[in-house]
Every structure is written in structure tokens, then in C-alpha cells.
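Fold and geometry: a report
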Amino acid sequence: MAETLRLPAYFQSGMVLQQQVPFIMRGRSRPSASVKVMLERKPHDGRAVSPLDNQYGVLFDRTVTSGADGFFHIEVPASEASFDPHELTISAGDEIIGLRDVLFGEVWVAAGQSNMQMPLRAVQTQAETDDLANLYYVRILSQSASGLSRDRPHYTFNPADDLCEAEWQRGDHPQVMAGVSAAGFSFVRKLHLDLKIPVALIETALGGSCIHSWISRASIDADDNLRRHLVETGFYRDETDWDSSEDWETA
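Residues numbered from 1 in each chain as written. Predicted model: local features only at pLDDT ≥ 70, side-chain atom pairs only at ≥ 80, totals over all residues. Heavy atoms only, no water.

The subject of this paragraph is unusual backbone geometry. Residue aspartate 101 is not a glycine yet carries a positive backbone phi of 55 degrees. Relative to the assigned elements, aspartate 101 resides in strand β7 (residues 95-110). For glutamate 165, which is not a glycine, the phi torsion comes out positive at approximately 55 degrees. Within the element layout of this structure, glutamate 165 appears in the loop between β8 (135-142) and β9 (167-171). (Helix = DSSP H or I, 4+ residues; strand = E, 2+ residues; numbered from the N terminus.)

Looking at where arginine 237 falls in the secondary structure, it is placed in the loop between α6 (224-232) and α7 (245-250). A distance of 2.9 Å separates a polar side-chain atom of arginine 237 from the backbone oxygen of glycine 234. (Polar contact = N/O pair within 3.5 Å; in protein donor to acceptor, adjacent residues only side chain to side chain.)

This part is about helix α4 (residues 182-195). Its 14 residues give α4 an end-to-end C-alpha distance of 20 Å, which sits within 8% of 20 Å, the value for a rise of 1.5 Å per residue. Taken residue by residue, α4 has Ala182, Gly184, Phe185, Val188, Leu191 and His192 as its buried positions. Backbone geometry just after α4 places lysine 196 at a positive phi near 60 degrees. (Expected span 1.5 Å × (residues − 1). Buried < 20%, exposed > 50% of the residue type's maximum accessible area, 1.4 Å probe, protein only.)

A word on the pattern of salt bridges. Scanning all chains against the criterion turns up ten salt bridges. With a shortest N-O distance of 3.1 Å, aspartate 172 and arginine 170 are connected by a salt bridge. In this structure, aspartate 221 and arginine 227 form a salt bridge, with 3.6 Å as the shortest nitrogen-oxygen distance. With a relative accessible area of 33%, arginine 227 lands in the partly exposed category. (Salt bridge = Lys/Arg side-chain N within 4 Å of Asp/Glu carboxyl O.)

This part is about the pairing of strand β5 (residues 71-76). With burial as the criterion, only one face of β5 is covered, namely that bearing Phe72, Ile74 and Val76; the residues Phe71, His73 and Glu75 on the opposite face remain uncovered. Taken together, the six bridges between strand β2 (residues 23-28) and β5 define a ladder with antiparallel strand orientation. The residue bridging arginine 26 from the neighbouring strand is histidine 73, located in β5. (Pairing = 2+ DSSP bridges.)

Any functional reading would require information beyond the geometric quantities listed.
Structural data, given as C-alpha cells:
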């Protein structure tokens, strides 16, 4: 059982990773520990595989040393889209984290305001959702409605490196899919049926949010007109006044 070995919440069993590009496996362990990451591929139909078939079995196996702060990262080479389940095993000493049913395919983000956040249950009946939400290879990564937890009442100045209450859901659970973005689910469902590969959706929409909330600080600071507008309207914040309690109470 892992005690000091930890991964960001979005690394879970049942996830979909983007095909054809490397991905960074990162996390935290004991300081200066040897951390091993191994990726295995198995046939989706469970058939026996010849040891000579290099498409299956261990595809990647590498060990790195975590930093003095315990953080580590390993770049895992790109994989092609496949319905075959993969297993990711991350170990540090006697601590092991195993991720199962990991797929490679297309990963899209549903971001924006209320139109993107509007769930399936708001636009169709549960019976209609039951008919549509029957796709095992469609996966949805959800998080808390605002991206905040009870012990974090507002966003910090520095970008978060994790997702609050992150959970991967399968597209063949209609009761769960009823709460998923209607626009987002419809898009990934059609994409999956057209491309015939696994497809995932990362939900980040938040109704009532301001458009500048979706613009990176680097982009805001690089645009004099935009930065000036936000300063004049009282929406520009830096590390000196980010946590102003008066502003949060009136927001």
C-alpha cells in the first residue's frame, strides 16, 4: 500500500491518454527515491499472446530518482490508439500503485461557461440518456463543480497542479452520464463512433465564470489593452492582492 508514493488525482484506472504523443508520468515519493514506471499492454479479448509478439507485454520500463522534495517525472513514449487495456505500475521500494484499464485515444477538453456546463439531464429524459450512454470506450474525467474543495474556499494565485475530486467515469453508466456536459458528451460520443477509437472528455466548464478567468496570466500580461481593461474594472489581481477577503465577500 502506497503511503508516501502519490500521483495527481487524474492518474487513475480507467483513464484515457492522448495517442501519438508522449505523456509525463509524475508524482511524489520519498526524497531521492528510485521510482520505477512500467507500461504493459494486453489484448482486449484476453487471448494468449506469443512471447515473440512485441506489440504486447511490457512496452516501457524505466527508473528515475526523485528530487530532494520527492517529486519525480518520467516521459513515457507515444502509443497508438487502441482498445487494448494497458496497465501502468509505479513503484518506489515496497510502495506500489497499479493503474488498470488504461486506454490510448483522443482526449478533448470541455471548457467554458453555463452553455458548456449544462448537463444531459437538462436537455433530455433519462430514458433518452439510457439509449445514448452505452459506450464503454468513452471516458469522462470530472471534478468538483468549482474545482475547489471544502478546505480551499477560493483559487490560489499560482495555478493548481491537480484536480479536486477528480474521477474517471465510463460512458456506459447512464445515471452518471446524465450529469455530464450535454455538448461535451454528444461531441465525444460522435467522435468515438466516427473514429472507432477510445475518446475521453475532460470537464472543466463553470457556469457564471468570467471570460478572463479562462485566459492565462501570461496572455493577459502580454496584451496591454486587456490588462488595462482588467485593472480598470477591478478584475486584475497579482500575488499582492489575490487573497483580498473584501473582494471575495463581494464577488
